[in-house]
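Residue-level listing of the chains:
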Amino acid sequence: AQSVTQLGSHVSVSEGALVLLRCNYSSSVPPYLFWYVQYPNQGLQLLLKYTSAATLVKGINGFEAEFKKSETSFHLTKPSAHMRDAAEYFCAVFNQAGTALIFGKGTTLSVSS
Amino acid sequence: DTGVSQNPRHKITKRGQNVTFRCDPISEHNRLYWYRQTLGQGPEFLTYFQNEAQLEKSRLLSDRFSAERPKGSFSTLEIQRTEQGDSAMYLCASSLVQGGFTDTQYFGPGTRLTVL
C-alpha cells in the first residue's frame, strides 16, 4: 500500500538558513511523489513533483527535492529560507491506481528573522 | 486559466442541517476530486469524477454524503444531517488525464465547514 511519512511536525529555521523537510514513502509500484504548500486558510499549491524522470526535481520559489529510491525518501530543501516560506508543507504520493493522492500529516515551517 | 474555485469559502451550520458546497474546476480538466482536511492533518481523499461519472469513493464518504457532477463541469458535495465531526476543510481539485497518464491535481481554496 502507498503511504508517506513526514518526519517532524514542526521545523523552525532562521531567515537565510537551509530548509530541510523530510518525507519517506512506501510504495508497491514506482511512485509519483509531490510536495504541496498550504498558506493559512488557503488551498494547496504544487511546489514540485517527481514522475520517474530526473531524480533531482526543481520547483517553484527556489525549492527542490531529491528522489532516493535506496532510502525511500523525497526530502524537500531550499538553500536560504525567507519569511514568506512560513507555511505548512505536505508530501504526497499517488495511490496504486494513480487516482487519489495520499498525503502525509504535514510539516509546519516557521521562519524567524 | 482561472484556477479551481469553491463556494462558499466558509459555512457555519447547526447540527442536523444539510449543507451543499460547489466546486468549479479548471475548464479543460476532465477529472474532479474531493478531499477533506481536518485540523492538523493532511487532506484525505473522498471521491473523484471522470467527466460526469463518479468512479471511486473512499470509505470516508458515508451515506450522508453525496457528490454529483451532472454535466461533467462543476460539482456539488452535499452533507445531510450534519454532525460536529463533519467540521473540516473540504477541498476540491481537478486534473487533466490523457491517454491514461495521470497529471497534477490543482486545488481550490477550500470550503471551511463548522458544525455547531
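Just above sits the structure.
Read on for an overview of the structure. Please read these numbers as outputs of a predicted model, since none were measured by experiment.

### Overview of the packing of aromatic side chains
The full count for this structure, using the stated rule, is 18 aromatic pairs over all chains. Between Tyr36(A) and Phe107(B), the ring centres sit 5.3 Å apart and the planes meet at 85°, which makes this aromatic pair edge-to-face. You can see Tyr36(A) sitting in strand β4 (residues 33-38) and its partner Phe107(B) sitting in strand β10 (residues 106-107), one on each of two chains. For the pair Tyr36(A) and Phe107(B), a shared accessibility class is recorded, and that class is buried. Ring geometry for Phe63(A) and Tyr89(A): centres 5.5 Å apart, planes at 45°, overall tilted. Of the two residues, Phe63(A) is situated in the loop between β6 (56-58) and β7 (64-68) and Tyr89(A) in strand β9 (residues 87-94); the sequence distance between them amounts to 26 residues. Neither residue differs from the other here; Phe63(A) and Tyr89(A) are each classed as buried. The structure contains a cluster of three or more aromatic residues connected by ring pairs, namely Tyr32(A), Phe34(A), Tyr36(A), Phe90(A), Phe94(A), Phe103(A), Tyr33(B), Tyr35(B), Phe45(B), Tyr48(B) and Phe107(B).

### Quick word on the interface of chain A and chain B
Between chain A and chain B, the contact holds 20 residues from the first and 22 residues from the second. Together chain A and chain B conceal approximately 1,600 Å² of surface at their shared face, both sides included; 54% is due to carbon and sulfur atoms. A per-residue breakdown of the area chain A buries against chain B is headed by Asn41(A), Leu44(A) and Thr99(A), which together make up 28% of the total. Summed over the shared surface of chain A and chain B, the result is 0 salt bridges. If you look at where chain A meets chain B, you find 7 residue pairs in polar contact (both at pLDDT 80 or more). Those elements that provide at least two residues to the side of chain A that touches chain B are β4, β5 (44-50), β9 and β10 (101-103) of chain A. Counted by class, the side of chain A that touches chain B contains 10 nonpolar, 8 polar and 2 charged residues.

About the thresholds
- Sequence order sets the numbering: in each chain, residues are counted from 1 along the sequence as written.
- The naming scheme follows written order: chains are lettered A onward, ligands numbered 1 onward.
- Given that the model is predicted, a residue must reach a pLDDT of at least 70 before its local features are reported, and side-chain atom pairs must reach 80 or more before they are shown or counted; all residues, however, enter totals for whole chains, interfaces and linings.
- Side-chain calculation: all heavy atoms of the structure are included, whereas hydrogens and water are not.
- Only the six-membered ring of Trp is used, alongside the rings of Phe and Tyr, when aromatic pairs are assigned; centres must lie within 6.5 Å, and planes under 30 degrees apart are stacked while those over 60 apart are edge-to-face, with the rest tilted.
- Runs of H or I in DSSP of at least four residues are treated as helices and runs of E of at least two as strands, each being numbered from the N terminus.
- When a residue's accessible area, from a 1.4 Å probe over protein chains only, is under 20% of the maximum for its type it is buried; when over 50% it is exposed; and in between it is partly exposed.
- What makes two residues a contact is simply this: any of their non-hydrogen atoms within 4.5 Å.
- What gets called buried area is simply the loss in accessible area from a 1.4 Å probe that two parts show on being joined, summed for both.
- We define a salt bridge as a side-chain nitrogen of Lys or Arg found within 4 Å of a carboxyl oxygen belonging to Asp or Glu.
- Contacts described as polar in this section are N or O atom pairs within 3.5 Å, which, within protein, must combine one atom able to donate a hydrogen with one able to accept it, while residues neighboring in sequence count only if both atoms come from side chains.
- Classification convention: Asp, Glu, Lys, Arg as charged; Ala, Val, Leu, Ile, Met, Phe, Trp, Tyr, Cys, Pro as nonpolar; all other residues, Gly among them, as polar.

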